[in-house]
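# Summary of the model geometry
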Amino acid sequence: MKPQGNGSASSPAVETHELWKTFGEGDTAVHAVQNVSVTIGTGEFVALCGPSGSGKTTLVNLIGGLTDPTRGQVRVDGREVGGMSERERAQLRLDRIGFVFQAYNLLPVLTALENAEFPLMLRGVPRDERRAEVSKLFEHIGLGGLEDRRPGALSGGQQQRVAVARAVLGAPALVLADEPTANLDTQASDALLEVMEVLNRERGVTFIFCTHDPRVMRRARRIIRLVDGHVERDAEKESGELPSWVLDPVET
Amino acid sequence: MIERLMLIVRMALRNLRRQLRRSLLTASAMVLGIGLLMFIRALEGGAHLMYVETATRMGTGHIAMEHPDYMGSQDLADRIAAADLERAFRAVEETARPEELLAVFPQVNVGGLAQSASSSIPVRIGGVDPELERDVSFLADRVVEGRYLQPGDRLEGIVGVGVAERLRLELGSRLVLMAAGAGGDLESQLVLVTGIFRTGVPEVDRGVVQLPISTAREWLGLGDDATSMSVILASDDRTGSIADAVRERLRDEGVDADRIAVRPWWEAMPDLHAGLRADAVQTYVMLVILLGIVALAVVNSVLMAVLNRTREFGVMRALGLNRASVGAMVMVEGVILTFASGLLGMLLGLVISMGLFRDGVDISWLFGGDLAFAGAIVDPVITPAVLTVDVVAILSIVMTIGILASLYPAWHATRIEPAEAMKTDA
Ligand SMILES: Nc1ncnc2c1ncn2[C@@H]1O[C@H](COP(=O)(O)OP(=O)(O)OP(=O)(O)O)[C@@H](O)[C@H]1O
Ligand SMILES: [Mg+2]
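Reference entry: report on the structure contained in this document. Keep in mind that this is a model prediction, so the values were computed, not measured.

To continue, consider the site of ligand 1. The local shell around ligand 1 holds 16 residues, among which Ser52(A), Lys56(A), Thr57(A), Thr58(A) and Gln102(A) are the closest. The local environment of ligand 1 is shared, drawing residues from chains A and B. Ser52(A) is positioned with one of its side-chain polar atoms (N or O) 2.5 Å from an oxygen atom of ligand 1. Between ligand 1 and Ser54(A) there is a distance of 3.2 Å, counted from an oxygen atom to a backbone nitrogen or oxygen. Element by element, the count of residues in the shell around ligand 1 is highest for helix H1 (residues 56-63) of chain A, at three residues.

Given below as structure tokens:
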């Protein structure tokens, strides 16, 4: 394993500079992300909101190096992602970033436990240590006893929690979560958010959520609203109350 | 690292199980193909062993020792002197283990003319030692009338059925053999027909006469010399190394290759060897072609498996698995599939060859009357022989094909872009 990323403590967790992502060309071109420049400091807890199709998923994919920007730069821990080789990017994701994908995307041939420990295993964490961490977290988020089930035998909400467990286990420096609570009832999403808040507070893990969920936004300390691919509002939030601008007019 | 490898293997196995039906279909095609090919090769191997066995017993032995020029000159001046025969005999006895050695015997082999009251024909004349050759002579078992030579015989001789026919000979008939003697003059010898043999090989049946070596030596003025010395071994496995050792030992005693050439059968009978080789090569070409077709099935199966799991590969890549590992996963899947099928196929081949057809397969219908192959005789019942070299060769071919067939799907998997893949349905 490589040593952990070489960014200095002073660099922000994520920095985008005039970031563009365009799908297609000419008349049919879709500018999914337009001129986005944001800086997210280490230890921030950020909600990315905006209507469907506003570019949230595209933006976190760009940050995680899963897609190349059309223009502009992304820095994670002060390191330019665009300049990295494929191998370096994979290593960056492995060492520094936890992902929760919009459709939880568990690996069907692995059990819940194996799915959750997958990144830890790739990182070379010893088996006993992994298992202990997974069990503790599973217990905490209501997955106790489901360790040996395959994803196909889990409910949507359960799969989602396994996916979140996979992203946060081992406390990566940055967690990118695309709608992590979309399928969960209040109780289950509160349990998950609790876990994430603890990680954020105690281990300084930076969180970026894409979300439509007011419960998530309520816990966030900063909300960035995207509309048509560009940043419409970006504001720190003090009270538990949500500002009215976070809500999409047509959606819940 | 080890754990990552184990995970890759584990996932590959589970994926194969997940697509059990497709895996089984692909596998069964391979199992059948490889099993049958192996059986065919075993039959061929069995036939070859038989050719070699009969050829060595009829011809030169597993190891043939001759004056290097005799094969070409057929001149008795190019013979092995009695003292060298003695040395050669000792060299063999000291080299081969007793249980490996079936027989060592000298022969006098000359071309000549056989003449009866009715006509005369050219023949190969063999002076043999009935005592030494009794148990290993191919002709001894093929005498259809009368008897084989025995110790104490002097004028007795055996002839092929064709010779008997052409010279109108019966048991007890006389014939006269004529050949150039050691002194260069034409010498003749009277022989009484005491046995008639039938081998199925026209050249032998129509052109061979054998008489006691003592008679031949006297007739041709050879003293205790001979034209060749043959070694018959219990198995062909060590022919080459024993021949080398004998050659070495003779050289140590001052008998160089210009006095005695020690040749394993494949050098002494190059035609037979080339024939067997061509035969085996043909089978292997067929095998590679057939397995190549099977490989397409593997490519298809593994590629489908990759295409159906685009999304999963995207996820794994997004989680930080590098391209190499993703490719490795696919390779492992393809190779396991091929290798397991290969092993099962070989097992099937073994069962067919050594179980079902243990007692041999009668292929006389294939040949009609002519049972010769490059001068060797074919017993129409072939006992399949599974040779280690074939097992190794087939396994290597299967492995190679498994690897080649997995390359493209694996390459395809490494090309998957995570963000795109996670949008697809597969
Ligand atoms: N591969 C692609 N090819 C073409 N257009 C794309 C592609 N991916 C995304 N888009 C477009 O880019 C825009 C932004 O998509 P994105 O998935 O980022 O939205 P989102 O904010 O995550 O929406 P949602 O809340 O529904 O998940 C959409 O208009 C979408 O149609
Ligand atoms: Mg989205």
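Let us look at the interface of chain B and chain A. Accessible area lost upon the coming together of the parts is a frequently used measure of interface size. Contacts between chain B and chain A engage 26 residues on the former and 28 residues on the latter. When the area that chain B buries against chain A is broken down by residue, the three leading residues are Glu3(B), Arg14(B) and Leu319(B), summing to 26%. Here chain B and chain A share three salt bridges between them. One salt bridge connects Arg10(B) with Glu114(A), and the closest N-O pair in it is separated by 2.8 Å. One can count eight residue pairs in polar contact (both at pLDDT 80 or more) joining chain B with chain A. Mapped by element, the contributors of at least two residues to the side of chain B that touches chain A are helix H1 (2-18), helix H12 (310-318), helix H13 (323-356) and helix H16 (418-421) of chain B. Considering each element in turn, the side of chain B that touches chain A owes the most residues, nine residues, to H1(B). Within the side of chain B that touches chain A, the residues separate by chemical class into 11 nonpolar, three polar and 12 charged.

A word on helix H3 (residues 112-123) of chain A. An α-helical turn contains 3.6 residues, so any two residues separated by three or four positions project in the same direction. The buried fraction of H3(A) amounts to 12 of the 12 residues, a majority that puts the element mostly inside the structure. Contacts made by the buried residues of H3(A) are with helix H2 (86-96), helix H4 (127-140) and helix H5 (156-168) of chain A together with H1 and H12 of chain B. Within two residues after H3(A), Gly124(A) carries a phi angle of roughly 85 degrees, on the positive side.

Time to look at helix H9 (residues 239-252) of chain B. Residue and element names in this part refer to chain B. With 14 residues, H9 should cover 20 Å at 1.5 Å per step; its first-to-last C-alpha distance of 20 Å lies within 8% of that length. Listed as buried for H9 are Thr239, Ile242, Ala243, Val246 and Leu250. When H9 is viewed along its axis, its buried side chains cluster within an angular range of 100 degrees and face the same direction. The inward-facing, buried residues of H9 contact strand S1 (63-66), helix H4 (82-95), strand S9 (228-233), strand S10 (261-264) and helix H10 (265-268). Phi turns positive, to about 85 degrees, at Gly254, one or two residues after H9.

With that out of the way, let us pick up the side chain of Glu147(A). Residue and element names in this part refer to chain A. One can find Glu147 in the loop between H4 and H5. Of the side chains with opposite charge, Arg149 lies nearest to the buried Glu147, which makes no salt bridge, at 8.8 Å. A polar contact is formed between the side chain of Glu147 and the backbone nitrogen of Gly145, at a distance of 2.9 Å. In this view, Glu147 contacts Thr111, Ala112, Leu113, Ser135 and Phe138; residues no more than four positions away in its chain are not counted.

About the cut-offs
Residues numbered from 1 in each chain as written. Chains lettered and ligands numbered in written order. Predicted model: local features only at pLDDT ≥ 70, side-chain atom pairs only at ≥ 80, totals over all residues. Heavy atoms only, no water. Near = heavy atom within 4 Å. Polar contact = N/O pair within 3.5 Å; in protein donor to acceptor, adjacent residues only side chain to side chain. Helix = DSSP H or I, 4+ residues; strand = E, 2+ residues; numbered from the N terminus. Contact = heavy atoms within 4.5 Å. Buried area = accessible area lost by both parts, 1.4 Å probe. Salt bridge = Lys/Arg side-chain N within 4 Å of Asp/Glu carboxyl O. Nonpolar A, V, L, I, M, F, W, Y, C, P; charged D, E, K, R; others polar. Buried < 20%, exposed > 50% of the residue type's maximum accessible area, 1.4 Å probe, protein only. Expected span 1.5 Å × (residues − 1). Arc of directions from axis to C-beta. Lys, Arg positive; Asp, Glu negative; His and termini not counted.

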